Amino acid sequence: MHVVDQPLLTALRGLPAVPRLGLAVVPGGVGLAVPQGHWGVPTDDPAGLVYALEAEFAPRWTWWSAASTLGRTAPVHLARCHDLAAVHRVVEGGHREDPGAVWAAAHGRPVPPPPSRRPAPTHGTGLLDLDGAGTADDPVTDGGLSPAWADGRAFDPGETGTAERLDRAGRWAALALDVADAQDARLAALPDRRAEPTGPALPVQTGFAESAAAALAVELSRTGLPLDRATAEEIVGAAVGPRPVDAAAERQARADRDALVREHLGPGGAGVDLRNPAHVLAALRGLGFDLPDTRAHRLERLRDAHPAVAALLLWRKAERLATTYGYPWLDEHVGPDGRLRGAWSSADAAAGRMTAQAGLHNLPAELRPAVAAEPGHVLVRADLGQVEPRVLAAVSRDPGLVAATRDEDLYAPVAAALGADRPTAKIAVLAAMYGQTSGAAGEALRRMERAYPRALAYLRAAEEAGKEGRDVRTYGGRLVRISDLAPVEPGAATAARGRFARNAVVQGAAAELFKAWAATVRAGLAGTDGRIVLCLHDELLLHVPEPDADRAAALLDSALQQTAARWAAGSGVRFVADVSVVRRWSEAK
């Protein structure tokens, strides 16, 4: 274990408590801060230092962002944190999460222009008088947060000595505490929309969960998803052929795939560009299909009507594997250890869902057999059942819809209430949340209006706000910036904003519930060899030692019940998850 400098330990032990500890990691050491003071600590083992402090004090670590901090402390698990960037996204919404924007929002100042990293000067004045905003010695100037501090130039080893850099790191950590206090006040001032508020206010809990999700995103990026590369190559090879030896072989394989479709398109098939939707639509119309577009759901209904349609659907799957998830993708993103890695984000700029790069959020079903547990391990998968309708029940408190959530299959009681079959009931619920008004969806929506008026009123209120260009907040407090969308114009643009807001208040709340659940599972796995390896919309995938499988499965369920009891306190809504233990992801039902 890292040996912590005695003066630092003495200072921390002398405090009544260490509930919050600011942290900044810079080349050559770390900055630490408590409200009573700050330190710059030289170390070539920041992870060991942080681990030692975590073990003794268990503080709520406070940093500007997990992405800029935790990468240098891997693989230490920190139980509690306040991530300024993550909380800023909740309170302020929008796309910006850089320190300049975070500091300005916390202090009620105008948001500065986006940062633009410039090379540090190698001669002359060094870091002095950057962008006319003061010196690098001053983190805060009359104009706001110094650009040199905001973009990291103030900590460049080439421009600062070790002692000066560490002193700045301590001050940077102290500034993080100052911003965290302001954010806490903003969160506490937001309304708690639960039926029976208990414990910290719900927006405060959202801040906790979003911060934990930001830490989890860094951990997911580092851990990776276990992938059986041999199986993946077999799947790709079966769809697109063997690995091309050169560019000519790749072009020939592409032509061979195209030929399997073109042979069914008649005399003019040879001239059809299968990668051009207009060409494909014209070819299908030439075969007698009057279609408005070539979307997959339309073609699936016609699969057996003509060999060309079946061939086109098969071609699309092969083309996706060849161009997006083929051999080059495997070579680029799967490491020698058999882990598929991509950068993760804890929230998109819309409703706040977790997102990932390297195709992790869009893996085709064909590749799921390749996602496999390593020897001695299993995958434990949990999928939230009908989560968005259940969330709608919780946030709207519609008594009829709340009652429906007590059923394992929510759509069964909804079907009874609507006097319809289950497929129609499902269409009705989705139409309500997504704002569909035409065809069968329109009639189903009118039935929903009569059966669940409170839920529909909740959605209409959000839709009207969106149409008027007014920002909305989710049940947990996240600001969704309708004003950041395209300018409002009469007609279609206004309607699109309304539909966006209508869905965002449900999808955003569901994302908050999901991340609070994931954070609880993450905490439950601490101290074990189990890890979360995938967060996919409403699905969690764990990789755990085989002897821990039953415990992990129980954790997924108990964590959901604990989360729901806090998040939807007093609502009476039941949340369910389908949990299974498998060797390969494809085995999960």
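Reading the values: the criteria
Residues numbered from 1 in each chain as written. Predicted model: local features only at pLDDT ≥ 70, side-chain atom pairs only at ≥ 80, totals over all residues. Heavy atoms only, no water. Helix = DSSP H or I, 4+ residues; strand = E, 2+ residues; numbered from the N terminus. Rg over C-alpha atoms; globule rule 2.2 N^0.38 Å. Buried < 20%, exposed > 50% of the residue type's maximum accessible area, 1.4 Å probe, protein only. Contact = heavy atoms within 4.5 Å. Lys, Arg positive; Asp, Glu negative; His and termini not counted. Charge placed at Lys NZ, Arg CZ, Asp CG, Glu CD. Salt bridge = Lys/Arg side-chain N within 4 Å of Asp/Glu carboxyl O. Core = buried A, V, L, I, M, F, W, Y, C linked by side-chain atoms within 4.5 Å. Expected span 1.5 Å × (residues − 1). Pairing = 2+ DSSP bridges. Axes fitted to C-alpha atoms, helices over the stretch in contact; angles between N-to-C directions. Left-handed = near helix turned anticlockwise from the far one by under 90°. Nonpolar A, V, L, I, M, F, W, Y, C, P; charged D, E, K, R; others polar. Arc of directions from axis to C-beta. Parallel < 35°, antiparallel > 145°, perpendicular 65-115°, else oblique.

Some details on the overall build of the chain
- Helix and strand content of the chain: 22 helices and 17 strands.
- Relative to the globule expectation of 25 Å for 589 residues, the C-alpha radius of gyration of the chain, 27 Å, shows essentially globular dimensions.
- Projected onto the principal axes, the alpha-carbon positions of the chain cover approximately 80 × 65 × 55 Å.
- Buried positions account for 52% of the 589 residues belonging to the chain.
- For the chain, long-range pairs separated by at least 24 residues make up 64% of all intrachain contacts whose partners lie at least 6 apart in sequence.
- The distance from the centre of the 65 positive side-chain charges to the centre of the 71 negative ones in the chain is 5 Å.

Here we look at the pattern of salt bridges
- Going through the model one piece at a time under the given rule, you end up with 39 salt bridges.
- For R89, the salt bridge is made with E97, and the minimal N-O distance between the two is 2.2 Å.
- You can call R89 buried: its relative accessible area is 6%.
- Classification of E97 by relative accessible area gives partly exposed; the value is 36%.
- In this structure, E464 and K467 form a salt bridge, with 3.9 Å as the shortest nitrogen-oxygen distance. In this pair, E464 and K467 are both assigned in helix α20 (residues 453-467), 3 residues apart and thus about one turn of the helix distant.
- The class for E464 is partly exposed, based on a relative accessible area of 38%.
- Through salt bridges with shared partners, a single network forms among E92, R186, D471 and R481.

Re the nonpolar core
- Grouped together as the largest cluster of nonpolar side chains are 101 residues, with contacts concentrated most on V391, V414, W517, V521, W567 and F575.
- Tallying contributions element by element places helix α21 (residues 492-525) first for this core, with 12 residues.
- If sequence neighbours within four positions are ignored, F575 has contacts with V387, R390, V391, A394, L513, L560, Q561, A564, W567 and A568.
- V41, A47, L70 and A214 belong to the second-largest nonpolar core, a separate cluster that totals 30 residues.

As for α20
- With 15 residues, α20 should cover 21 Å at 1.5 Å per step; its first-to-last C-alpha distance of 21 Å lies within 8% of that length.
- Every buried residue belonging to α20 is among A455, L456, L459, A462, E463, A465 and G466, and all of these are buried.

A short note on the sheet that holds strand β4 (residues 60-63)
- The strand order β3-β2-β1-β4-β5 describes an open sheet built from 5 strands, whose pairing is mixed. Looking at the sheet topology across the chains shown, the edges are occupied by β3 (37-42) and β5 (80-83). Between one strand axis and the next, the sheet turns through 25° on average, direction left out of account.
- Pairing of strand β2 (residues 29-34) with β3, which is carried by 6 bridges, proceeds in the antiparallel orientation. Looking at the pairing, G31 lines up with G40 of β3.

Thoughts on the packing of helix α15 (residues 387-396) against helix α18 (residues 422-434)
- Viewed as axis vectors pointing N to C, α15 and α18 meet at an angle of 65°, and their least axial separation amounts to 11 Å. Viewed along their axes, α15 and α18 form a crossing whose handedness is left-handed. From α15, E388, P389 and L392 reach across to α18, where they touch V429, M433 and Y434.
- Among the residues forming the contact of α15 with α18, the class breakdown is 5 nonpolar, no polar and 1 charged.

Examining unusual backbone geometry
- Look at R397: it is not a glycine, yet its phi comes out positive at around 60°.
- Relative to the assigned elements, R397 resides in the loop between α15 and α16 (399-404).
- Notably, H537 is not glycine yet its phi reads approximately 60°, a positive angle.

Description of the environment of T69
- Relative to the helices and strands, T69 is located in helix α3 (residues 66-69).
- Relative accessible area serves as the criterion here: at 3%, T69 is assigned to the buried category.
- Between the C-alpha atoms of T69 and V25, which are 44 residues apart in sequence, the distance is 6.0 Å.
- Non-local contacts of T69, meaning those with residues more than four positions away in its chain, are made with L23, V25 and W63.

What to know about helix α22 (residues 549-567)
- Taking 1.5 Å per residue as the helical rise, α22 with its 19 residues ought to reach 27 Å, and the 27 Å between its terminal C-alpha atoms agrees with that figure.
- Among the residues making up α22, those that are buried are A549, A552, A553, L555, L556, A559, L560, T563, A564 and W567. Along the axis of α22, the buried residues cluster in a sector spanning 155°; they form a single face.

A look at the packing of helix α5 (residues 99-106) against helix α7 (residues 162-189)
- The contact between α5 and α7 brings their axes to 9 Å, and the two run at 50°. Judged on the interaxial angle alone, α7 and α5 are oblique. Relative to α7, the crossing made by α5 is left-handed. Of the residues in α7, those touching α5 at P99, V102, W103, A105 and A106 are W172, L175, D178, V179, A182, Q183 and R186.
- Grouping the constituent residues of the contact of α5 with α7 by class yields 9 nonpolar, 1 polar and 2 charged.

Observations regarding the side chain of H333
- With respect to the secondary-structure elements, H333 resides in helix α14 (residues 327-333).
- Overall, the relative accessible area of 19% leaves H333 in the buried class.
- Apart from the residues lying within four places of it in its own chain, the contact partners of H333 are R339, L340, R341 and A358.

Take it as geometry only, folks, not as evidence of what the structure does.
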